[in-house]
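The residues making up each chain are set out below.
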Amino acid sequence: MLRTMLDEYGLDDIEVTMETRFTEDLELESIDLVTLAGSLEARYGRQVNFAEFVADLELDEIIDLTVGQLVEYVVRCLRAARER
């Protein structure tokens, strides 16, 4: 999902790791995170609620959000959904 979004922005040559930060490294803005949230919901439904995840973070944590943190959140949500 993220790779597709980056390709659309012409950022297909950027290496993305678990430590990659959305704002600092990828230079994504809040509207881009909204787009990503929509993609997550389209893919996983209500099992993964990005808005809920971000609501629990302080502003500086949102600014420093990494790909790894989001991946870990998605994995936790999907595991919890399977256990229900």
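Bear in mind that the values here come from a model prediction, so they are computed numbers and not experimental data.

## Some points on the packing of aromatic side chains
The full count for this structure, using the stated rule, is two aromatic pairs. Judged by centre distance (6.3 Å) and plane angle (55°), the rings of F50 and F53 are tilted. One end of the pair, F50, and the other, F53, are both in helix α3 (residues 50-55), three residues apart, so they sit about a helical turn from each other. In terms of burial, F50 and F53 fall into one category: buried. For the pair F53 and Y73, a centre-to-centre distance of 4.4 Å together with 20° between the ring planes defines the contact as stacked. Of the two residues, F53 is situated in helix α3 and Y73 in helix α5 (residues 67-83); the sequence distance between them amounts to 20 residues. Looking at Y73, the relative accessible area reads 8%, which means it is buried. Following the ring pairs from residue to residue traces out a cluster consisting of F50, F53 and Y73.

## Quick word on the environment of E41
Following the sequence through the fold, E41 ends up in helix α2 (residues 30-44). Given a relative accessible area of 43%, E41 falls into the partly exposed group. Each C-alpha atom, one on E41 and one on S30, is 17 Å from the other, the two residues being 11 residues apart in sequence.

## Here's the deal with α5
Over its 17 residues, α5 runs 24 Å from end to end, which matches the ideal 24 Å to within 8%, given 1.5 Å per residue. Where α5 is concerned, the buried positions are V67, G68, L70, Y73, V74 and C77. Buried residues along α5 sit against α1 (2-8), α2 and α3.

## Details of α2
Between its first and last C-alpha, α2 extends 21 Å over 15 residues, near the 21 Å set by a 1.5 Å rise per residue. The complete set of buried residues in α2 reads D32, L33, L36, A37 and L40. End-on, the buried residues of α2 take up no more than an arc of 145°, which puts them together on one face. For α2, the exposed residues lying more than 90 degrees away from the buried face are I31, V34 and A42. Looking at the buried residues of α2, the elements they touch are α1, α3 and α5. Trailing α2 by a residue or two, G45 shows a phi angle of about 70°, which is positive.

## Topic: the packing of α2 against α5
With their axes 13 Å apart at the nearest point, α2 and α5 run at an angle of 25° to one another. The angle between the axes of α2 and α5 places the two elements in the roughly parallel class. Here the hand of the crossing between α2 and α5 comes out right-handed. Facing L36, L40 and Y44 of α2, the residues of α5 in contact are L70, V74 and L78. When grouped by side-chain class, the residues that make up the contact of α2 with α5 number six nonpolar, no polar and no charged.

Scoring rules and cut-offs
Residues numbered from 1 in each chain as written. Predicted model: local features only at pLDDT ≥ 70, side-chain atom pairs only at ≥ 80, totals over all residues. Heavy atoms only, no water. Phe/Tyr/Trp six-rings, centres within 6.5 Å; stacked < 30°, edge-to-face > 60°. Helix = DSSP H or I, 4+ residues; strand = E, 2+ residues; numbered from the N terminus. Buried < 20%, exposed > 50% of the residue type's maximum accessible area, 1.4 Å probe, protein only. Expected span 1.5 Å × (residues − 1). Contact = heavy atoms within 4.5 Å. Arc of directions from axis to C-beta. Axes fitted to C-alpha atoms, helices over the stretch in contact; angles between N-to-C directions. Parallel < 35°, antiparallel > 145°, perpendicular 65-115°, else oblique. Left-handed = near helix turned anticlockwise from the far one by under 90°. Nonpolar A, V, L, I, M, F, W, Y, C, P; charged D, E, K, R; others polar.

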